[in-house]
Amino acid sequence: PVAYLVLSGIFLGSVSTLGVTFVYRRYFRRLRTAEWVTPDVLRRKRWVRGVVTSVGDGDNFRLYHTPGFGWRWPLKFRRVPALSKELKEQTIHIRIAGVDAPEGSHFGRQAQPYAAEALTWLKDTIEGRVVYCQLVRRDQYSRIVSVVTLPPPFLPGWLTTGRSLALEMIRAGTGLTYEQAGAEYGKYGKDEFLRVEAQSRAARRGMWRHGAVEETPAQYKRRYAQSGTDAE
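Now for a quick tour of the structure. Since we're looking at a predicted model, the values are computed, not measured. Here, residues in each chain are numbered from 1, in the same order as that chain's written sequence. Two thresholds apply to this predicted model, a pLDDT of at least 70 for residue-level local features and 80 or more for giving and counting side-chain atom pairs, whereas whole-chain, interface and lining totals are computed over all residues. Water and hydrogen atoms were dropped before computing side-chain values, which therefore reflect all heavy atoms in the structure.

Numbering of helices and strands runs from the N terminus; a helix is a DSSP stretch of H or I covering at least four residues, while a strand is a stretch of E covering at least two. Helices and strands together make up the secondary structure of the protein, namely seven helices and seven strands. For the protein, the N- to C-terminal ordering of α and β elements is α-α-β-β-α-β-β-α-β-β-α-β-α-α. Within the protein, the proportion of its 232 residues that are buried is 41%. Contacts between residues were defined by any pair of non-hydrogen atoms, one from each residue, lying within 4.5 Å. Taking as baseline every contact in the protein between residues at least 6 positions apart, the subset at least 24 positions apart corresponds to 66%. Under the convention used here, a 1.4 Å probe and the Shrake-Rupley method define accessible areas, while residue burial counts only the protein chains that appear. As displayed, the protein offers around 13300 Å² of accessible surface, 57% of which is attributable to carbon and sulfur atoms. Burial here depends on accessible area, computed with a 1.4 Å probe over protein chains only, as a share of the maximum for the residue type. Under 20% is buried, over 50% is exposed, and the range in between is partly exposed.

Okay, structure coming up:
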């Protein structure tokens, strides 16, 4: 009957529209800023891929989300902006989960020892490069705390995960294990972070070059919090 065919067409059209919408929202829609990261995205701890456009401190950076395809040859028809004015309101502020880097100088406060070296290491490692982020939660500074991995050396990132950026930082002596409330360590777990930190300390890498750290980043932030001035 004609009515049946019409209803079937409407039903199939609706299903197709819903399917296309779901695929677009899930795999192709860019998350432009942290405000685009909804509670549902955080609840699912969604993985996203993107390019690091800038590194602001030893444990956070700006990510330009690059979903779907078309970002690289031979099917390159989308691009990551290069100019600061083009990147305005187009990046997600990421806080690397599980690691605490030495604090740089902010608002007239003196930087911690090895802060500049930690920042340089992070810039050299990820700035301008692709990383994968598992979006976990939003912190008090509206940054998205994320488990961050580097691209795997051989297989595509959607097939397997690469090395943990936080663990690589700790291994290089550019950060300590973050042990405050809400700490996230991904699939590796806190024990693995502490084990790698102990190895770095024993080898006197980076911030451990003198054998000990006079004041950890957590102690530094606590000291300024008690004096009434915040420290990120």
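What follows covers the packing of aromatic side chains. We describe a pair of aromatic rings using the distance from one ring centre to the other and the angle between the two ring planes. Under the pairing criterion, centres of Phe, Tyr and Trp rings, with the six-membered ring standing for Trp, must be within 6.5 Å; the plane angle then separates stacked pairs below 30 degrees from edge-to-face pairs above 60, leaving the rest tilted. Here the structure, examined in full by the defined rule, presents four aromatic pairs. An angle of 80° between the planes, with centres 6.1 Å apart, marks the rings of Tyr64 and Trp71 as edge-to-face. Using a relative accessible area of 7% as the deciding quantity, one classes Tyr64 as buried. Relative to Phe77, the ring of Phe69 lies with its centre 6.1 Å away and its plane at 80°, an arrangement referred to as edge-to-face. Only lysine NZ and arginine CZ atoms are considered, and such an atom sits over a ring when it is within 6 Å of the ring centre and within 35 degrees of the ring normal. Directly above the ring of Tyr224 sits Arg109, whose terminal nitrogen or CZ lies 5.0 Å from the centroid. The ring of Trp208 has Arg201 lying over it, and the distance from NZ or CZ to the ring centre is 5.3 Å.

Within the fold, Thr33 resides in the loop between α1 (2-28) and α2 (39-43). On the basis of relative accessible area, Thr33 is assigned to the buried category, the value being 7%. Counted as a polar contact is a pair of N or O atoms within 3.5 Å, where, for protein atoms, one must be capable of donating a hydrogen and the other of accepting one, and residues adjacent in sequence contribute only when both atoms are in side chains. Among the polar contacts listed, one links the side chain of Thr33 to the side chain of Glu35, at a separation of 3.0 Å. If we ignore the near neighbours within four places in the chain, the residues touching Thr33 are Glu89, Gln90, Thr91 and Ile92.

Within the sequence span of helix α7 (residues 217-226), burial applies to Pro217, Ala218, Tyr220, Lys221 and Tyr224. Around the axis of α7, the buried residues are gathered within 160° of arc, so they sit on the same side. Where α7 is buried, its residues contact β3 (92-96), β4 (99-100) and β7 (176-177). Directly beyond the C-terminal end of α7, a positive phi value near 95° is found at Gly228. The directions from the helix axis to the C-beta atoms form the arc being described.

Right, let's talk about the packing of helix α4 (residues 115-126) against helix α5 (residues 165-172) for a bit. Axes, fitted as lines to C-alpha atoms, cover a helix only where it is in contact. Angles between the N-to-C directions of the axes lie from 0 to 180 degrees. Relative orientation of the contacting elements α4 and α5 amounts to 135°, with a least axis distance of 11 Å. Between α4 and α5, the interaxial angle falls into the category oblique. The chirality of how α4 crosses α5 is right-handed. For the pair α4 and α5, the contacting residues are Trp121, Leu122, Thr125 and Ile126 in the first and Leu165, Glu168, Met169 and Ala172 in the second. Of the residues that constitute the contact of α4 with α5, the class distribution is six nonpolar, one polar and one charged. In what follows, roughly perpendicular refers to angles from 65 to 115 degrees, roughly parallel to angles under 35, roughly antiparallel to angles over 145, and oblique to any angle outside these ranges. A crossing counts as left-handed when the near helix is turned anticlockwise from the far one by less than a right angle, and as right-handed when that turn is clockwise. Put simply, Ala, Val, Leu, Ile, Met, Phe, Trp, Tyr, Cys and Pro go in the nonpolar bin, Asp, Glu, Lys and Arg in the charged bin, and everything else, Gly too, in the polar bin.

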